[in-house]
Protein chains: 2
Amino acid sequence: MPRVGVLGVGKTKNGFHRDKSLRDLMMEASQKAIEDAGISPKNIQMVVVGNSSSQMFNSENNLGAMLSDHIGATPAPSACIESACATGSWAMYVGYMGILAGLYDAVLACGVEKMTDVSTEKGTFAIAQSADVSTEYFTGLTFPSGVALYQARYIDRWGASEEDLCHVSVKNHYYGARNPYAQLRFECTVEDVMKSPYVAYPIKLYEICPMTDSASTVILCREEMMRESGKEPIYITGSGATSGTYYNSTDQLEDNYVLVERAAKPCFEMAGLSPEDIDVLECYNAFAIQEPLGLEGAGFFPLGESWKAVRDGLTHHDGKIPTNISGGVLTKGHPLGGTGTSQAVDIVEQMRGNFTGVQVEPIPEIGMMINRGGPGSVCICYTYQKE
Amino acid sequence: MPRVGVLGVGKTKNGFHRDKSLRDLMMEASQKAIEDAGISPKNIQMVVVGNSSSQMFNSENNLGAMLSDHIGATPAPSACIESACATGSWAMYVGYMGILAGLYDAVLACGVEKMTDVSTEKGTFAIAQSADVSTEYFTGLTFPSGVALYQARYIDRWGASEEDLCHVSVKNHYYGARNPYAQLRFECTVEDVMKSPYVAYPIKLYEICPMTDSASTVILCREEMMRESGKEPIYITGSGATSGTYYNSTDQLEDNYVLVERAAKPCFEMAGLSPEDIDVLECYNAFAIQEPLGLEGAGFFPLGESWKAVRDGLTHHDGKIPTNISGGVLTKGHPLGGTGTSQAVDIVEQMRGNFTGVQVEPIPEIGMMINRGGPGSVCICYTYQKE
């Protein structure tokens, strides 16, 4: 399988962007990526936006054409893709397939969400629509209450205490506080997490990501174009994509990790890699519990063991598998459609040795991202290598 | 370039589906397509939904996972794509790229929109969000008023009268009346069209499509899988995709046809075909004027000549280039995200000789579809051949 190069990356800060529109955010991240790639907008042959809910948050639609027009890539074809919280990874996937198909040389994938212009009530309803509205939302099974079910089951099944799991938030806040692009930039202790109010037992406020405004852009290209660019090459060498079920399904509660397993396994196989090879990992954690579930699903730790690994520092920047050294979406903020591309940008920065926050040393040779979404309904993984 | 097979198709009737949900419509069309393809849902390796505005119309999102789960294709990866009125064609394009990339054998692409559950006001606002909301919608440049500008310019530039252009609606209504899957099933005369109220001068009510509830599904597959199926093979042999600009741009008013030209030209080139080779054509016509503009953009008639061709019967089922023998979205109804897939299903039915309405004779060997969208911001074309 030919590989796909990552020619350029760009990102905005995450947070409240009162002075910028959805379009401004897309433009800022994309112009940075184009500059980083060292190409002209006219070299971009396809534009894919990843966005989950712009009609609810911003009364805008057809964002692919909007970005293509404003960035100067028109007449390159354009579209906007949505796959709950795996939306950004799917935007990359469309470009990845277009390049592997031999149809395109260079594709711009921009993930974006501007969530803070509406009331929390409206925002919560927008997000809830990624679950099964007719059978879940209206019966009270929202994202926090759904995740609470499998967090409770994890605690019960594997003997972790609530305090044990708090270490996930403590670790992510440690790194978020050191990443100027993150939204929540303060450290916290296990006691702080325990004292934060319950949102849906046993989930506490500090175990849930904030809504945020953010865009991030990745420019993908043919392998030859990467080589000829003169830049240090970084390639996507493995990919895996899957879908799953809803909250009201056994595998979401008892065996939640399988969603990640089904995407990570083919990803490792395509790349010819195993978890031991990975130097830096971005693992989706809109809810803290999803970080250990991802670590176990991808095989970094045995089932029921990863909460100990996080507690004992094995996922810190100098640990066995540096995980969410960006602070994760738990503290960076979770721009639904922008999260996948944000993970990709942060991994590429780590592999280039110029990450905006804590840099993993030695500079990582091999990176991986795990981007799950929905109630447990979608997941994409990618591996990144320099050769 | 390897070709991609069309293994199965399915469609719902268009209209007011008071008794069916968005999901029901997707399921109905997709189950028909799976049955038609003669495969099991487990053979589907990727599910792509094309939908423009389900958050506005139905308070639902993440439709890819919804369909994948309910159709029984999970754990196949899934997503939902949006590109204004070219959304359905983009859903097919994602599958097409995934197959050409060698990643997938069989992909289900379902285009859907359920538009009639909300007020006309809310629906109109949902649609308007596919234009540039900040610079167009709030200044009054909605879809009808934007298209009116280029319809007026067409009349002025090419010497067509308002009555001349009415023949587009008369022809589409003739065929829509004979297609039980269409929403507007009555014939009309030039006088009827002229008497229908102005929506935005010079556009009259009978020159605009209705909102509708509809889903249609296409199952694409590798060339080898098509051959081994035992079915009469139909392949996508050419594709072309492009983006354009907004209403407030010269090329949308003076040279509106160029949007289609930029998608049709590479499509013909890839297939090694020219307009003379096409036996049956579906040409997007949410507004009647877009049919002559598409015919000219794709090169079926010289600039400024196609309105005469329509008037003189050259686009009827027994004419030079049978165009929108389905009735077109002008009378079938225009389910934003479902229109592209609906065009594909109707062409495949024509090429199989079992179209639900007026069948073109002799049975077409080569078909084509032109699916534009937005203010003039997106377009995809495909050609279909039996060998």
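Here goes a summary of the coordinates provided. In this text, all values refer to a predicted model and were calculated from it rather than measured experimentally. (Residues numbered from 1 in each chain as written. Chains lettered and ligands numbered in written order. Predicted model: local features only at pLDDT ≥ 70, side-chain atom pairs only at ≥ 80, totals over all residues. Heavy atoms only, no water.)

### So, the overall build of chain A
Phase 1 of the analysis: Helix and strand counts for chain A come out as 15 helices and 11 strands.
Phase 2 of the analysis: Compactness check: chain A gives a C-alpha radius of gyration of 19 Å against a globular reference of 21 Å for 387 residues, within 12% of the reference.
Phase 3 of the analysis: With respect to the three principal axes, the spread of C-alpha positions in chain A is 55 × 45 × 35 Å.
Phase 4 of the analysis: With 387 residues in all, chain A has 68% of them scored as buried. (Helix = DSSP H or I, 4+ residues; strand = E, 2+ residues; numbered from the N terminus. Rg over C-alpha atoms; globule rule 2.2 N^0.38 Å. Buried < 20%, exposed > 50% of the residue type's maximum accessible area, 1.4 Å probe, protein only.)

### Let's talk about the interface of chain B and chain A
Reports often express the size of an interface as the amount of accessible area lost when the parts come together.
Phase 1 of the analysis: On the chain A side, the residues contacting the 58 residues of chain B number 58 residues.
Phase 2 of the analysis: Taken together, both faces of the contact between chain B and chain A bury some 4400 Å²; the carbon and sulfur share is 52%.
Phase 3 of the analysis: Inspection of the region where chain B meets chain A yields 2 salt bridges.
Phase 4 of the analysis: For the pair chain B and chain A, the number of links is 36 residue pairs in polar contact (both at pLDDT 80 or more).
Phase 5 of the analysis: Of all elements in the fold, only α2 (54-57), α3 (63-71), β3 (78-82), α4 (87-100), α5 (120-128), β8 (235-243) and α11 (258-271) of chain B reach the threshold of two or more residues within the side of chain B that touches chain A. (Contact = heavy atoms within 4.5 Å. Buried area = accessible area lost by both parts, 1.4 Å probe. Salt bridge = Lys/Arg side-chain N within 4 Å of Asp/Glu carboxyl O. Polar contact = N/O pair within 3.5 Å; in protein donor to acceptor, adjacent residues only side chain to side chain.)

### Quick word on the relation of the copies chain B and chain A
Phase 1 of the analysis: Overlaying chain B on chain A yields an RMSD of 0.0 Å, the required transformation being a rotation through 180 degrees with an accompanying axial translation of 0.0 Å. Given the turn and translation reported, the copies of this chain are related as if by a two-fold rotation axis.
Phase 2 of the analysis: By residue overlap, the copies meet face to face through one surface: 100% of the interface positions of chain B are interface positions in chain A. (Least-squares fit on C-alpha atoms with pLDDT ≥ 70 in both.)

### Section: the packing of aromatic side chains
Residue and element names in this part refer to chain B.
Phase 1 of the analysis: Scanning the model with the defined rule gives 22 aromatic pairs over all chains in all.
Phase 2 of the analysis: Both rings, one in F186 and one in Y206, keep their centres 5.7 Å apart while their planes meet at 55 degrees; by these two values the pair is tilted. In this pair, F186 sits in the loop between α7 (162-176) and α8 (190-195) while Y206 sits in the loop between β6 (203-204) and β7 (213-222), placing the two residues 20 residues apart along the sequence.
Phase 3 of the analysis: You can call F186 partly exposed: its relative accessible area is 33%.
Phase 4 of the analysis: The ring of Y181 is capped by K11, whose NZ or CZ atom sits 4.7 Å from the centre of that ring. (Phe/Tyr/Trp six-rings, centres within 6.5 Å; stacked < 30°, edge-to-face > 60°. Lys NZ or Arg CZ within 6 Å of the ring centre and 35° of its normal.)

### Here's the deal with the packing of helix α1 (residues 22-37) of chain B against α3 of chain B
Residues and elements named next belong to chain B.
Phase 1 of the analysis: Close contact between α1 and α3 brings their axes to 10 Å; oriented N to C, the two are set at 55 degrees. Looking at the two axes, α1 sits oblique to α3. The crossing of α1 and α3 is right-handed. From α1, L22, R23, M26, M27, S30, Q31 and I34 reach across to α3, where they touch L63, M66, L67, H70 and I71. (Axes fitted to C-alpha atoms, helices over the stretch in contact; angles between N-to-C directions. Parallel < 35°, antiparallel > 145°, perpendicular 65-115°, else oblique. Left-handed = near helix turned anticlockwise from the far one by under 90°.)

### Details of the packing of helix α6 (residues 143-158) of chain B against helix α12 (residues 290-297) of chain B
Residue and element names in this part refer to chain B.
Phase 1 of the analysis: Two elements in contact, α6 and α12, have axes separated by 11 Å at closest approach and are oriented at 65 degrees. The angle between the axes of α6 and α12 places the two elements in the roughly perpendicular class. Between α6 and α12 lies a crossing whose hand is left-handed. In contact with V147, Y150 and Y154 of α6, α12 contributes Q290, P292, L293 and E296.
Phase 2 of the analysis: Grouping the constituent residues of the contact of α6 with α12 by class yields 5 nonpolar, 1 polar and 1 charged. (Nonpolar A, V, L, I, M, F, W, Y, C, P; charged D, E, K, R; others polar.)

### Examining the environment of E28 of chain A
Residue and element names in this part refer to chain A.
Phase 1 of the analysis: Positionally, E28 belongs in helix α1 (residues 22-37).
Phase 2 of the analysis: In the structure, E28 is positioned 169 residues away from P197 in sequence and 36 Å away in space, judged by C-alpha atoms.
Phase 3 of the analysis: Beyond its immediate stretch of four places on either side in the chain, E28 contacts T12 and K20.

### Considering the pattern of salt bridges
When the charged atoms of two side chains lie near each other, side chains of opposite charge can form a pair.
Residue and element names in this part refer to chain B.
Phase 1 of the analysis: All chains considered together, the criterion is met by 50 salt bridges over all chains.
Phase 2 of the analysis: Between D346 and K11 there is a salt bridge, with its nearest N and O atoms 2.8 Å apart. You can see D346 sitting in helix α15 (residues 339-352) and its partner K11 sitting in strand β1 (residues 4-11), a full 335 residues away along the chain. Here D346 matches K11 in class, with each residue buried.

### Notes on the state of the cysteines
Residue and element names in this part refer to chain A.
Phase 1 of the analysis: Going through the model one piece at a time under the given rule, you end up with 0 disulfides over all chains.
Phase 2 of the analysis: The thiol of C379 is unpaired, and the distance to the nearest cysteine sulfur, on C381, comes to 4.4 Å.
Phase 3 of the analysis: Taking relative accessible area as the criterion, C379 reaches 0% and is therefore assigned buried. (Disulfide = S-S within 2.5 Å.)

### With respect to the pairing of β1 of chain B
All names here are of chain B.
Phase 1 of the analysis: In terms of burial, β1 is largely enclosed, as 8 of its 8 residues are buried.
Phase 2 of the analysis: Here 7 bridges tie β1 to β7, and the two strands are oriented antiparallel to one another. In the sheet register, K11 faces β7, and the bridge partner there is S216. (Pairing = 2+ DSSP bridges.)

### Here's the deal with the environment of G244 of chain B
Phase 1 of the analysis: Considering the arrangement of structural elements, one finds G244 of chain B in the loop between β8 and α10 (250-253).
Phase 2 of the analysis: Owing to a relative accessible area of 0%, G244 of chain B belongs among the buried residues under this scheme.
Phase 3 of the analysis: With 182 residues separating them along the chain, G244 of chain B and N62 of chain B place their C-alpha atoms 27 Å apart.
Phase 4 of the analysis: With near-sequence residues (within four places) excluded, G244 of chain B lies in contact with D69 and T74 of chain A together with L259, R262, G376, S377 and V378 of chain B.

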